[in-house]
Amino acid sequence: MAKIGTIHNRDSFLNKISKSLNRPRLTGPIPRPEWKYQPQHEVFKGASPDELLDIMKVHCQKIHTNLYETDLKGLPDVLNEVVEGYGGGPVVISKDERFSEWGLDSLLKKEWPSRDMAVFEWDYTLGDENVRRAEQANVGITISEITLAESATVVLFSDKDHGRTINFLPATSIMLIPKSTLVPRFTQAAVKMREIHQQTGRVASCINFITGPSNSADIELNLVVGVHGPIKASYIVIHDL
Amino acid sequence: MAMKISTEKFNDRVEQGIHDSFMRGAVAGAQDGMGVKRRVVTTDELSNWEDWRNHAEEIRQHVLANLDYYLEQLSENIAQRGGHVFFAQTKEEANEYIRGVVQRKKAKKIVKSKSMVTEEISLNAMLEEEGCEVVETDLGEYILQLDDHDPPSHIVVPALHKNKEQIRDVFAQKIGYTKTSTPEELAYHARVTLREKFLEADLGITGCNFAVAETGSFCLVTNEGNADLVTALPKTQITVMGMERLVPTFEEMEVLVSMLTRSAVGQKLTSYITVLTGPREELDVDGPEEFHLVIVDNGRSDILGTEFQSILQCIRCGACINVCPVYRHIGGHSYGSIYPGPVGAVLSPLLGGYDDFKELPYASTLCGACTEVCPVKIPLHQLLHKHRQVIVEKEGKAPFSEKMLMKAFGLGAASPALYNMGSKMAPVAMNPFTVGDKISKGPGPLKAWTEIREFPAPNKERFRDWFKNREKGGE
Ligand code: SF4
């Protein structure tokens, strides 16, 4: 558990606010408001996983992201193909048992290294060396925890085994997406995040919502794909349902 | 950069603005693209847009009405996670606290992601005084910083007024760039140059799109991924937020982020939405070891409880700027504030005082396009009107006559088109969803615009009518 942080100047600051609002300071917990409008829950309500996947596929075309589909059996081949398409290694992956459960051990631990494609698995005991490896990597591979169909967005939670920079420092990015993680939109992910917090009292220190590769329209409003984050991104949807 | 970006007189700035033909073309292009087309194309799924706006508005109003409570909750939760919170009444207090952190950490190399509030408090000037190298990492901000701190002209696309040849020249002069003016090559060069800066930085500074009271979190909304490197690599992080930028829980954050990305850039979500909570956890490898949140008042509490309170609902999406006919005509720099366009014309006099910004409420046709497009339903044109009333009361007269104003905007009596345009745009702007069909069938946004302009004007008090009325009122 982290040390408790400090808070400075709070009372005078908040007293000024309550004075401006012309009422005493609010202290006790205030009940969660009953909102009059809740349009967000209506979007793609009741859509099946297949329908959600279709929605996501359509949107992928707008975000410069290739979407591949495979079952578990075909996963090693598809992953190999996409990584080769990006020019091979070095590859950096998060430390996650699912890679092994999905039958990727042979590819990641034997085949690629034997072809001179280095694979680095995130290892917190090595400290900053992880960041150095991520910076040198050509491809970063991570697994989506929640996937938003509407915007074709993957959601990642950081922890000691899931470094933040795997998704930002490598030149290209591949996200493995179990089809079972699909939800209609951001709304369901937000509800889930609250649930996790209420159940565990914790929130990951970094939650990333990632939608395609990095881009910018800052120069004459021309869209340039690939600015500070990955220059290219691919999604591999795994039919796990 | 402070809030005020120019010492020239309002009329002179406007004069320069309307003679800058690239700028005007760029602004027009941006408005056509961002103000109309992208909105229609990307928001058509949200058929019940008015419900979304109503919900966003009720969230923002609820937070403002209970602001002290939510700020207290936010600060408690951040401290629980080991983060430090500093409440700064003034920009001086904010800068002093940050100076203290910089000195204690002996920070010399600082990377920043885009933040309006740090501009508002002139943070970079203080950091440079401390001998730090401060690098803006948002591409648009980086371009402006390299060009001897050229001020931003748009709150979402800060370097909108610059063309790619100018950008190439700046890169060539300042960072030894030798390639062409294609945006891809320019951006790639910035990527490589800035990557070094990220890796060697000892302090990262960000703004805050929305803080989340219930969990002590905050989120950053970007497309470039720069904010993620700013918050993942340096060992110390300072985040600066305007005190009103928060929501009760993740669920309201979600709604406002969705409204922001749609209204700002016409995207369902930007490439990166990043939700951060406290410093890194014990065994984490990346993310800051030390986290500070600086919550800034700087005049905001004086707006609370007044007739201008609703401007604090603003989520800085820029949509009002993208549809404003006056902004289109005079460009961002004419406003003389880091906050241009309708939002700036309301906010700048409130935060910066009428002395410096009393002309801004007149840089509007009161056509109402801004109000109709605002995702959190701020009655912008009514607030502008209120400003004018306050100014007239204070000064005993308006700072302008009609003639001066028309002249300032470069308009003869024979060219009233500008002032009609705004009101005639309003039907497009106010309901991008229901008119979606009509527009997407057209050959392009420009055509759509001209078609719309032939529609009868909505029944609103317009600029010229307003002037007429005012004249009748006996001036
Ligand atoms: S006033 Fe409304 S439209 Fe303008 S920037 Fe703020 S939220 Fe956006």
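Residues numbered from 1 in each chain as written. Chains lettered and ligands numbered in written order. Predicted model: local features only at pLDDT ≥ 70, side-chain atom pairs only at ≥ 80, totals over all residues. Heavy atoms only, no water.

The name an unreviewed UniProt entry assigns to chain B is Lactate utilization protein B, from the organism Neobacillus thermocopriae. Looking at the Function (unreviewed entry) heading of the UniProt record, one finds this comment for chain B: "Is involved in L-lactate degradation and allows cells to grow with lactate as the sole carbon source. Has probably a role as an electron transporter during oxidation of L-lactate." According to the UniProt record, the Sequence similarities (unreviewed entry) comment for chain B is "Belongs to the LutB/YkgF family." (UniProt positions renumbered as here; feature names shortened; annotations may be inferred.)

Under an unreviewed UniProt entry, the name given to chain A is Lactate utilization protein C, and the source organism is Neobacillus thermocopriae. Listed under Function (unreviewed entry) in UniProt, the entry text for chain A is "Is involved in L-lactate degradation and allows cells to grow with lactate as the sole carbon source."

### With respect to the environment of V224 of chain A
Looking at where V224 of chain A falls in the secondary structure, it is placed in strand 12 (residues 224-225). Residue V224 of chain A is classed as buried on the basis of its relative accessible area, which comes to 4%. For the pair V224 of chain A and P213 of chain A, spaced 11 residues apart in sequence, the C-alpha to C-alpha distance is 10 Å. Those residues within four positions of V224 of chain A in sequence are excluded, and the remaining contacts are S214, N215 and S216 of chain A together with P183, E184 and A187 of chain B. (Helix = DSSP H or I, 4+ residues; strand = E, 2+ residues; numbered from the N terminus. Buried < 20%, exposed > 50% of the residue type's maximum accessible area, 1.4 Å probe, protein only. Contact = heavy atoms within 4.5 Å.)

### As for the UniProt feature "binding site: [4Fe-4S] cluster 2" (unreviewed entry) in chain B
Residues and elements named next belong to chain B. Mapped onto this numbering, the UniProt entry gives "binding site: [4Fe-4S] cluster 2" (unreviewed entry) at C324, C367 and C370. Sequence-wise these annotated residues cover 47 residues; spatially they are packed, their C-alpha atoms never more than 8.8 Å apart. Within the fold, C324 resides in the loop between helix 14 (319-322) and helix 15 (325-330).

### A word on the interface of chain B and chain A
Every contact between the two is made by 114 residues of chain B and, on the other side, 94 residues of chain A. When the two sides are added together, the surface that chain B and chain A hide from each other amounts to roughly 8600 Å², 59% of it contributed by carbon and sulfur. Per-residue buried area on chain B facing chain A is highest for D68, R191 and V285 of chain B; these three make up 8% of the total on that side. Put simply, chain B and chain A have 15 salt bridges between them. In this assembly, chain B and chain A are joined by 61 residue pairs in polar contact (both at pLDDT 80 or more). Tallying contributions element by element places helix 10 (residues 183-200) of chain B first for the side of chain B that touches chain A, with 11 residues. Along the lines of polarity and charge, the residues of the side of chain B that touches chain A split into 54 nonpolar, 30 polar and 30 charged. As paired elements, strand 1 (residues 7-8) of chain A and strand 1 (residues 84-88) of chain B share 2 bridges and run parallel to each other. (Buried area = accessible area lost by both parts, 1.4 Å probe. Salt bridge = Lys/Arg side-chain N within 4 Å of Asp/Glu carboxyl O. Polar contact = N/O pair within 3.5 Å; in protein donor to acceptor, adjacent residues only side chain to side chain. Nonpolar A, V, L, I, M, F, W, Y, C, P; charged D, E, K, R; others polar. Pairing = 2+ DSSP bridges.)

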